Amino acid sequence: MSTPLRVGLSACIITFNEIDRIDDCLASLAFCDEIVVVDSGSTDGTAERAAALGARVIQRAFDGYRRQKDFAVTQARHDWVLCLDADERVTPRLRDAIDAARDAGFAARGYRFARATDYFGAFLRHGNAYPDRVLRLFDRRCGGWRGDREIHEHVSVDGTVQLLPGDLEHRAYRSLADQLRRLERYAQLMAEHDHARGRRARLVNLVVNPFWRFFRGYVLRAGFLDGWRGLIYAWVEANYVRQKFIKLWLLDRGQRIA
């Protein structure tokens, strides 16, 4: 009896100026049958480095995180795709879990796994940061990067979704300044998104929502167990919520926010 062919698997990544991260990301995806990198005009050699490491690199002007990731999925040679950002790495345990699911023929339509964020040299294991389960391994015939939101985008599939053991490492921030810049940008994008869809902010949101985000993450979800890192992370995250509602409140009143 012949052995069934193993299900093909494509890795999909979007990049822009990730030269300091791309090597580790691609190395963690060596078990995939192909790696597709959609680059949006990097000027630091990211695209050239990815190609030298064996990835198939496609250039495309950036028009939104969701659209860029969805385009990458359409360019894959295989229907089963594993989507990562350049600041993420598949750990050995997660790789083993993916391989086991693959050897079994992928019984579900998609798979979630925990994401662990590196924060000032240690991985956060509590609070809003962990387990932060993400759906990144899926059959594109049954789902993908759906919706109209270009920030905090996510995958959805039609059918069963299972949880795999192992973590996806997330080395999100190069520094505190990098984190603050990025979250300020995300706050603006989210405020613009919500405003365009008719959501309105009240003054109470500027106070209650940031407090709730901090209290939920730091106290209810035990972020304090991550020590000073957990405190800083929870405080910065609460500030992001505050910025988002301030910007939305101003947009509601016809004010410029950028």
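Values in this document were obtained by computation on a predicted structure and should not be read as measured data.

*Asks:* Account for unusual backbone geometry, with residues named and values stated.
*Replies:* Tyr130 connects to Pro131 through a cis peptide bond whose omega is 15°. With respect to the helices and strands, the residue Pro131 is situated in the loop between β7 (122-123) and β8 (134-139). Positive phi, normally seen in glycine, also occurs at Phe106, with a value near 55°. Tracing the chain through its elements places Phe106 in the loop between α4 (92-103) and β6 (110-119). The backbone of Asp132 sits at a positive phi, close to 45°, despite the residue not being glycine. Within the secondary structure layout, Asp132 lies in the loop between β7 and β8.

*Asks:* Outline the nonpolar core, supporting the account with residue identities and numerical values.
*Replies:* Within the largest apolar cluster, 30 residues are counted, with the highest numbers of intra-cluster contacts made by Leu29, Leu82, Leu137 and Leu164. Looking at this core, the element that brings in the most residues is α4, giving four residues. Core analysis: the second largest hydrophobic core is formed by 19 residues, Leu124, Tyr186, Val236 and Val241 among them.

*Asks:* Account for the pattern of salt bridges, naming residues and giving values.
*Replies:* All chains considered together, the criterion is met by 29 salt bridges. One salt bridge in this structure joins Asp99 and Arg6, with 3.1 Å as the shortest N-O distance. One end of the pair, Asp99, is in helix α4; the other, Arg6, is in the segment before β1 (9-15), and 93 residues separate them in sequence. Judged by relative accessible area, which is 43%, Arg6 ranks as partly exposed. Two residues, Asp167 and Arg125, come together in a salt bridge whose shortest N-O distance is 2.6 Å. Here the residue Asp167 occupies a position in strand β11 (residues 161-170), and Arg125 occupies one in the loop between β7 and β8, the gap between them amounting to 42 residues. A relative accessible area of 14% places Asp167 in the buried class.

*Asks:* Talk me through the environment of Asp158; I want residue IDs and the actual numbers.
*Replies:* Relative to the helices and strands, Asp158 resides in the loop between β10 (156-157) and β11. Measuring from C-alpha to C-alpha, the distance between Asp158 and Arg109 comes to 7.3 Å, with 49 residues separating the pair along the chain. Polar contacts involving the side chain of Asp158 include one to the side chain of Arg146, which spans 3.0 Å.

*Asks:* So what about the side chain of Asp85? Which residues, and what values?
*Replies:* Mapped onto the secondary structure, Asp85 falls in strand β4 (residues 80-85). Not counting residues within four places of it along the chain, the set of residues in contact with Asp85 comprises Ile13, Cys25, Lys69 and Arg136.

*Asks:* Before we move on, can you summarise a nonpolar patch on the surface with the specific residues and values?
*Replies:* A surface patch of nonpolar side chains, about 440 Å² in accessible area, is lined by Phe120, Leu176, Leu180, Trp228 and Ile232. For the nonpolar patch, the elements supplying multiple residues, two or more each, are α5 (176-196) and α7 (227-252).

Each value, and the rule that gives it
- Residues numbered from 1 in each chain as written.
- Predicted model: local features only at pLDDT ≥ 70, side-chain atom pairs only at ≥ 80, totals over all residues.
- Heavy atoms only, no water.
- Helix = DSSP H or I, 4+ residues; strand = E, 2+ residues; numbered from the N terminus.
- Core = buried A, V, L, I, M, F, W, Y, C linked by side-chain atoms within 4.5 Å.
- Buried < 20%, exposed > 50% of the residue type's maximum accessible area, 1.4 Å probe, protein only.
- Salt bridge = Lys/Arg side-chain N within 4 Å of Asp/Glu carboxyl O.
- Polar contact = N/O pair within 3.5 Å; in protein donor to acceptor, adjacent residues only side chain to side chain.
- Contact = heavy atoms within 4.5 Å.
- Patch = residues over 30% accessible without salt bridge, like charges linked within 9 Å, V, L, I, M, F, W, Y side chains within 5 Å.
- Areas by Shrake-Rupley, 256 points an atom, 1.4 Å probe, with all protein chains shown as cover.

Function cannot be read off these values alone, since they describe shape.
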